[in-house]
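# Report on the structure
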Amino acid sequence: MERIPILKMGEFLLITIQVDMHDRLALALQDDLTERIIQTGARGVLIDISSLDVVDSFTGRLLGNIAAMSRLLDAETVVVGMQPAVAMTLVELGLSLEGVRTALNVEKGMEALKSSLEPGTKESKNGRGREKG
Amino acid sequence: MAVVEKRDETLAISSSDDIVRVRQTARAWVVELGFSMISQTKLVTAASELARNMVEFGGGGTVRLEILSDSIHAGIRLTFEDHGPGIPDIELAMKDGYTTGHGLGLGLGGSRRLVNEFQIDSQVGRGTRVSIIRWK
(Lines give C-alpha, C1' and ligand atoms only; values in the text may rest on other atoms or scores of the structure.)
Protein backbone atom coordinates (compact mmCIF):
# COMPACT_ATOMS: atom_id res chain seq x y z
CA MET A 1 0.00 0.00 0.00
CA GLU A 2 1.06 3.53 -0.76
CA ARG A 3 2.56 5.34 2.24
CA ILE A 4 3.85 8.79 3.00
CA PRO A 5 7.48 8.45 4.11
CA ILE A 6 8.48 9.63 7.57
CA LEU A 7 12.16 10.59 7.88
CA LYS A 8 14.04 10.81 11.14
CA MET A 9 16.33 13.80 11.56
CA GLY A 10 17.95 13.78 14.98
CA GLU A 11 15.17 14.03 17.50
CA PHE A 12 12.65 15.21 14.94
CA LEU A 13 10.52 13.49 12.34
CA LEU A 14 10.13 15.03 8.91
CA ILE A 15 7.15 14.41 6.68
CA THR A 16 6.84 15.84 3.21
CA ILE A 17 3.36 15.57 1.81
CA GLN A 18 3.68 15.58 -1.95
CA VAL A 19 0.71 13.67 -3.20
CA ASP A 20 -2.91 14.62 -3.39
CA MET A 21 -4.11 12.79 -0.31
CA HIS A 22 -7.03 10.46 -0.23
CA ASP A 23 -8.52 9.25 3.03
CA ARG A 24 -6.72 5.93 3.40
CA LEU A 25 -3.39 7.60 2.92
CA ALA A 26 -4.26 10.22 5.53
CA LEU A 27 -5.32 7.62 8.07
CA ALA A 28 -2.23 5.53 7.37
CA LEU A 29 -0.09 8.60 7.98
CA GLN A 30 -1.67 9.18 11.41
CA ASP A 31 -1.05 5.55 12.35
CA ASP A 32 2.52 5.49 11.05
CA LEU A 33 3.40 8.77 12.66
CA THR A 34 2.15 7.97 16.15
CA GLU A 35 4.00 4.67 15.96
CA ARG A 36 7.21 6.35 14.85
CA ILE A 37 6.99 8.98 17.60
CA ILE A 38 6.81 6.23 20.20
CA GLN A 39 9.49 4.12 18.54
CA THR A 40 11.98 6.95 18.18
CA GLY A 41 11.00 9.12 21.15
CA ALA A 42 10.89 12.03 18.71
CA ARG A 43 10.40 15.43 20.28
CA GLY A 44 9.12 17.20 17.24
CA VAL A 45 7.32 16.64 13.95
CA LEU A 46 7.85 18.81 10.91
CA ILE A 47 5.26 18.57 8.17
CA ASP A 48 6.18 20.14 4.86
CA ILE A 49 3.09 20.95 2.79
CA SER A 50 4.80 23.17 0.20
CA SER A 51 3.81 20.78 -2.58
CA LEU A 52 0.13 20.82 -1.66
CA ASP A 53 -1.85 23.16 -3.87
CA VAL A 54 -5.12 22.36 -2.10
CA VAL A 55 -5.78 22.00 1.60
CA ASP A 56 -9.44 21.33 2.20
CA SER A 57 -11.16 20.89 5.55
CA PHE A 58 -10.34 17.19 5.51
CA THR A 59 -6.61 17.80 5.19
CA GLY A 60 -6.88 20.68 7.65
CA ARG A 61 -8.49 18.37 10.15
CA LEU A 62 -5.76 15.81 9.54
CA LEU A 63 -3.07 18.38 10.33
CA GLY A 64 -4.92 19.39 13.49
CA ASN A 65 -5.31 15.76 14.55
CA ILE A 66 -1.65 15.06 13.97
CA ALA A 67 -0.65 18.08 16.05
CA ALA A 68 -2.99 17.04 18.86
CA MET A 69 -1.89 13.41 18.86
CA SER A 70 1.77 14.34 18.73
CA ARG A 71 1.30 16.71 21.64
CA LEU A 72 -0.20 13.92 23.71
CA LEU A 73 2.86 11.86 22.86
CA ASP A 74 5.09 14.72 23.95
CA ALA A 75 6.13 15.93 20.53
CA GLU A 76 5.62 19.37 19.00
CA THR A 77 4.29 19.72 15.46
CA VAL A 78 5.15 22.48 13.04
CA VAL A 79 3.53 22.71 9.62
CA VAL A 80 5.74 24.47 7.08
CA GLY A 81 5.66 25.74 3.53
CA MET A 82 1.99 26.57 3.08
CA GLN A 83 1.40 28.21 -0.28
CA PRO A 84 -0.06 31.74 -0.10
CA ALA A 85 -3.13 30.81 -2.13
CA VAL A 86 -3.76 27.91 0.23
CA ALA A 87 -3.53 30.17 3.29
CA MET A 88 -5.98 32.66 1.77
CA THR A 89 -8.39 29.91 0.84
CA LEU A 90 -8.25 28.25 4.27
CA VAL A 91 -9.14 31.48 6.03
CA GLU A 92 -12.07 32.08 3.73
CA LEU A 93 -13.18 28.51 4.22
CA GLY A 94 -13.23 29.24 7.93
CA LEU A 95 -10.32 27.05 8.90
CA SER A 96 -7.57 28.81 10.79
CA LEU A 97 -5.76 25.66 11.94
CA GLU A 98 -5.80 26.73 15.56
CA GLY A 99 -3.51 24.63 17.64
CA VAL A 100 -1.22 23.96 14.71
CA ARG A 101 2.09 25.78 14.73
CA THR A 102 3.33 26.97 11.38
CA ALA A 103 6.57 28.27 9.93
CA LEU A 104 7.44 29.62 6.51
CA ASN A 105 9.86 26.91 5.50
CA VAL A 106 11.65 23.80 6.71
CA GLU A 107 14.60 25.76 8.03
CA LYS A 108 12.43 28.08 10.13
CA GLY A 109 10.33 25.15 11.24
CA MET A 110 13.43 23.36 12.49
CA GLU A 111 14.44 26.46 14.41
CA ALA A 112 10.99 26.68 15.97
CA LEU A 113 11.15 23.03 17.02
CA LYS A 114 14.63 23.39 18.45
CA SER A 115 13.71 26.46 20.44
CA SER A 116 10.67 24.70 21.83
CA LEU A 117 12.99 22.16 23.41
CA GLU A 118 14.50 23.52 26.56
CA PRO A 119 18.16 22.70 27.04
CA GLY A 120 18.99 19.89 29.41
CA THR A 121 15.52 18.46 29.46
CA LYS A 122 16.23 15.75 26.94
CA GLU A 123 16.88 13.14 29.63
CA SER A 124 13.98 13.93 31.88
CA LYS A 125 10.57 13.12 30.54
CA ASN A 126 8.77 14.39 33.59
CA GLY A 127 7.33 17.86 33.75
CA ARG A 128 9.41 18.92 30.82
CA GLY A 129 9.33 22.58 30.07
CA ARG A 130 7.70 23.45 33.35
CA GLU A 131 10.70 23.16 35.59
CA LYS A 132 11.98 26.51 36.67
CA GLY A 133 14.93 27.69 38.75
CA MET B 1 -26.20 35.90 -20.30
CA ALA B 2 -23.77 33.10 -19.78
CA VAL B 3 -23.69 30.35 -22.30
CA VAL B 4 -22.39 26.91 -21.75
CA GLU B 5 -19.61 25.99 -24.09
CA LYS B 6 -19.46 22.62 -25.68
CA ARG B 7 -17.08 21.34 -23.08
CA ASP B 8 -19.01 19.39 -20.53
CA GLU B 9 -18.03 16.40 -18.45
CA THR B 10 -19.68 14.37 -15.71
CA LEU B 11 -17.78 12.37 -13.13
CA ALA B 12 -19.24 9.75 -10.84
CA ILE B 13 -18.32 10.24 -7.20
CA SER B 14 -18.53 7.43 -4.70
CA SER B 15 -15.24 7.26 -2.84
CA SER B 16 -12.38 9.30 -1.53
CA ASP B 17 -10.38 8.49 -4.67
CA ASP B 18 -13.10 10.12 -6.73
CA ILE B 19 -12.76 13.29 -4.64
CA VAL B 20 -9.10 13.41 -5.66
CA ARG B 21 -10.16 12.97 -9.28
CA VAL B 22 -12.66 15.84 -9.05
CA ARG B 23 -9.93 18.10 -7.68
CA GLN B 24 -7.54 17.14 -10.45
CA THR B 25 -10.09 17.54 -13.22
CA ALA B 26 -11.34 20.88 -11.89
CA ARG B 27 -7.75 22.07 -11.54
CA ALA B 28 -6.89 21.11 -15.11
CA TRP B 29 -9.91 23.00 -16.42
CA VAL B 30 -9.32 26.24 -14.52
CA VAL B 31 -5.63 26.18 -15.41
CA GLU B 32 -6.67 25.92 -19.03
CA LEU B 33 -9.11 28.81 -18.58
CA GLY B 34 -6.24 30.91 -17.25
CA PHE B 35 -7.57 31.40 -13.70
CA SER B 36 -5.20 33.07 -11.26
CA MET B 37 -3.55 30.85 -8.66
CA ILE B 38 -5.81 32.08 -5.86
CA SER B 39 -8.90 31.69 -8.00
CA GLN B 40 -7.86 28.15 -8.97
CA THR B 41 -7.23 27.21 -5.37
CA LYS B 42 -10.58 28.54 -4.16
CA LEU B 43 -12.54 26.75 -6.85
CA VAL B 44 -10.71 23.46 -6.40
CA THR B 45 -11.07 23.63 -2.61
CA ALA B 46 -14.80 24.29 -2.90
CA ALA B 47 -15.08 21.35 -5.31
CA SER B 48 -13.27 19.14 -2.84
CA GLU B 49 -15.58 20.13 0.04
CA LEU B 50 -18.74 19.57 -1.96
CA ALA B 51 -17.55 16.27 -3.40
CA ARG B 52 -16.72 15.10 0.10
CA ASN B 53 -20.17 16.13 1.34
CA MET B 54 -21.68 13.95 -1.35
CA VAL B 55 -19.58 10.97 -0.39
CA GLU B 56 -20.17 11.39 3.34
CA PHE B 57 -23.81 12.37 3.43
CA GLY B 58 -25.34 11.81 0.01
CA GLY B 59 -24.16 8.27 -0.60
CA GLY B 60 -22.19 9.48 -3.61
CA GLY B 61 -23.41 11.11 -6.77
CA THR B 62 -22.17 12.96 -9.80
CA VAL B 63 -20.29 16.14 -10.56
CA ARG B 64 -20.87 17.89 -13.82
CA LEU B 65 -18.23 20.34 -15.00
CA GLU B 66 -19.07 22.98 -17.58
CA ILE B 67 -17.19 25.88 -19.04
CA LEU B 68 -19.23 29.07 -19.21
CA SER B 69 -18.53 32.13 -21.25
CA ASP B 70 -20.19 35.38 -22.12
CA SER B 71 -18.85 38.38 -23.97
CA ILE B 72 -16.80 39.48 -20.96
CA HIS B 73 -15.74 36.55 -18.88
CA ALA B 74 -15.11 32.88 -18.77
CA GLY B 75 -15.96 30.72 -15.87
CA ILE B 76 -16.60 27.23 -14.68
CA ARG B 77 -19.73 25.70 -13.26
CA LEU B 78 -19.74 22.58 -11.15
CA THR B 79 -22.97 20.83 -10.31
CA PHE B 80 -23.00 18.22 -7.56
CA GLU B 81 -25.99 15.95 -7.51
CA ASP B 82 -26.82 13.08 -5.23
CA HIS B 83 -29.89 10.99 -4.44
CA GLY B 84 -29.16 10.78 -0.75
CA PRO B 85 -31.36 11.64 2.20
CA GLY B 86 -31.49 15.36 1.41
CA ILE B 87 -31.06 18.24 3.83
CA PRO B 88 -34.07 19.06 6.03
CA ASP B 89 -32.85 22.49 7.10
CA ILE B 90 -30.61 24.09 4.48
CA GLU B 91 -30.13 27.28 6.45
CA LEU B 92 -28.82 25.31 9.40
CA ALA B 93 -26.64 23.14 7.18
CA MET B 94 -25.05 26.25 5.67
CA LYS B 95 -23.91 27.47 9.07
CA ASP B 96 -20.26 27.15 9.94
CA GLY B 97 -19.66 24.52 12.55
CA TYR B 98 -22.85 22.63 11.89
CA THR B 99 -22.18 19.01 11.08
CA THR B 100 -23.95 15.71 11.24
CA GLY B 101 -20.83 13.80 10.26
CA HIS B 102 -17.32 13.74 11.58
CA GLY B 103 -16.13 16.84 9.81
CA LEU B 104 -15.74 20.40 10.91
CA GLY B 105 -19.02 21.49 9.44
CA LEU B 106 -17.37 23.94 7.08
CA GLY B 107 -18.26 22.25 3.82
CA LEU B 108 -21.34 24.08 2.62
CA GLY B 109 -20.93 27.51 4.20
CA GLY B 110 -17.21 27.49 3.52
CA SER B 111 -17.50 26.54 -0.11
CA ARG B 112 -20.12 29.23 -0.69
CA ARG B 113 -17.53 31.81 0.34
CA LEU B 114 -15.02 30.42 -2.15
CA VAL B 115 -17.12 30.90 -5.26
CA ASN B 116 -19.03 33.66 -7.02
CA GLU B 117 -22.36 31.91 -7.31
CA PHE B 118 -23.80 29.19 -5.13
CA GLN B 119 -27.12 27.50 -5.45
CA ILE B 120 -28.48 24.66 -3.39
CA ASP B 121 -31.67 22.65 -3.78
CA SER B 122 -32.49 19.76 -1.56
CA GLN B 123 -35.48 17.57 -0.97
CA VAL B 124 -35.72 15.23 1.96
CA GLY B 125 -35.70 11.66 0.76
CA ARG B 126 -34.82 12.63 -2.80
CA GLY B 127 -31.42 14.20 -2.81
CA THR B 128 -29.41 17.37 -3.04
CA ARG B 129 -28.09 19.48 -5.87
CA VAL B 130 -25.45 22.13 -5.36
CA SER B 131 -24.29 24.27 -8.21
CA ILE B 132 -21.33 26.64 -8.02
CA ILE B 133 -19.83 29.09 -10.48
CA ARG B 134 -16.49 30.79 -10.31
CA TRP B 135 -15.65 33.40 -12.92
CA LYS B 136 -12.14 33.97 -14.07
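The structure under discussion appears in the preceding block.
If you're wondering where the values come from, they're calculated on a predicted model, not measured in any experiment.

The rules behind the values
Residues numbered from 1 in each chain as written. Chains lettered and ligands numbered in written order. Predicted model: local features only at pLDDT ≥ 70, side-chain atom pairs only at ≥ 80, totals over all residues. Heavy atoms only, no water. Helix = DSSP H or I, 4+ residues; strand = E, 2+ residues; numbered from the N terminus. Areas by Shrake-Rupley, 256 points an atom, 1.4 Å probe, with all protein chains shown as cover. Contact = heavy atoms within 4.5 Å. Buried area = accessible area lost by both parts, 1.4 Å probe. Salt bridge = Lys/Arg side-chain N within 4 Å of Asp/Glu carboxyl O. Polar contact = N/O pair within 3.5 Å; in protein donor to acceptor, adjacent residues only side chain to side chain. Axes fitted to C-alpha atoms, helices over the stretch in contact; angles between N-to-C directions. Parallel < 35°, antiparallel > 145°, perpendicular 65-115°, else oblique. Left-handed = near helix turned anticlockwise from the far one by under 90°. Nonpolar A, V, L, I, M, F, W, Y, C, P; charged D, E, K, R; others polar. Pairing = 2+ DSSP bridges. Phe/Tyr/Trp six-rings, centres within 6.5 Å; stacked < 30°, edge-to-face > 60°. Lys NZ or Arg CZ within 6 Å of the ring centre and 35° of its normal.

## Overview of the overall build of chain B
Counting its secondary structure elements, chain B contains 4 helices and 5 strands. Summed over all atoms, the accessible surface of chain B reaches about 6,500 Å², with 50% contributed by carbon and sulfur.

## Quick notes on the interface of chain A and chain B
With 21 residues of chain A at the contact, the number on the chain B side is 24 residues. Interface area lost by chain A to chain B is led by R61(A), E92(A) and L93(A), which between them contribute 28%. Measuring nitrogen to oxygen at the nearest pair gives 2.9 Å for the salt bridge that ties E92(A) to K42(B). Here chain A and chain B share 11 residue pairs in polar contact (both at pLDDT 80 or more) between them. Counting only elements with at least two residues in the side of chain A that touches chain B, the list comes to helix 1 (23-40), helix 2 (57-72) and helix 3 (84-93) of chain A.

## Considering the packing of helix 1 (residues 16-32) of chain B against helix 2 (residues 37-57) of chain B
Residues and elements named next belong to chain B. Across the interface, helix 1 lies against helix 2 with an axial gap of 9 Å and an inter-helix angle of 155 degrees. Comparing their axes, helix 2 and helix 1 come out roughly antiparallel. Every pair of crossing elements has a handedness; the one defined by helix 1 and helix 2 is right-handed. Taken together, the residues of helix 2 that come into contact with helix 1 (itself represented by I19, V22, R23, A26, R27, V30 and V31) are M37, Q40, T41, L43, V44, A47, S48, A51, R52 and V55. Among the residues making up the contact of helix 1 with helix 2, the classes are represented as 11 nonpolar, 3 polar and 3 charged.

## So, the sheet that holds strand 5 (residues 101-103) of chain A
Residue and element names in this part refer to chain A. The 5 strands are arranged 1-2-3-4-5 in an open sheet whose pairing can be described as mixed. The open sheet has two edge strands, strand 1 (6-9) and strand 5, and neither has a second partner. Along the sheet, successive strands turn relative to each other by an average axial angle of 25 degrees, direction set aside. Relative to strand 3 (residues 44-48), strand 2 (residues 12-16) runs parallel, the two being bridged by 5 bridges. The residue of strand 3 that forms the bridge with L14 is L46. Taken strand by strand, helix 2 contacts strand 3 and strand 4 (76-80), and its axis lies near 155 degrees from that of strand 4.

## Here's the deal with the packing of helix 1 of chain A against helix 2 of chain A
Residue and element names in this part refer to chain A. Where helix 1 contacts helix 2, the axes come no closer than 11 Å and their chain directions differ by 15 degrees. Overall, the two elements helix 1 and helix 2 adopt an arrangement that is roughly parallel. Like other packed secondary-structure pairs, helix 1 and helix 2 cross with a definite hand, here right-handed. On helix 2, the residues touching D23, A26, L29, Q30, L33, T34 and I37 of helix 1 are F58, L62, N65, I66, M69 and S70. Within the contact of helix 1 with helix 2, the residues separate by chemical class into 8 nonpolar, 4 polar and 1 charged.

## Here we look at the packing of aromatic side chains
Considering all chains together, one arrives at 0 aromatic pairs over all chains under this definition. Sitting over the face of the ring of W29(B), R7(B) holds its NZ or CZ atom 4.1 Å from the ring centroid. One residue, R52(B), lies across the ring of F58(A), its end atom 3.9 Å from the ring centre.

## Here's the deal with the pairing of strand 1 of chain A
All names here are of chain A. Strand direction decides the pairing type here: strand 1 and strand 2, joined by 4 bridges, are antiparallel. Residue pairing across strands places L7 opposite L14, the latter belonging to strand 2. Counted between consecutive antiparallel strands, the loop separating strand 1 from strand 2 contains 2 residues, among which G10 sits at a positive phi close to 65 degrees.

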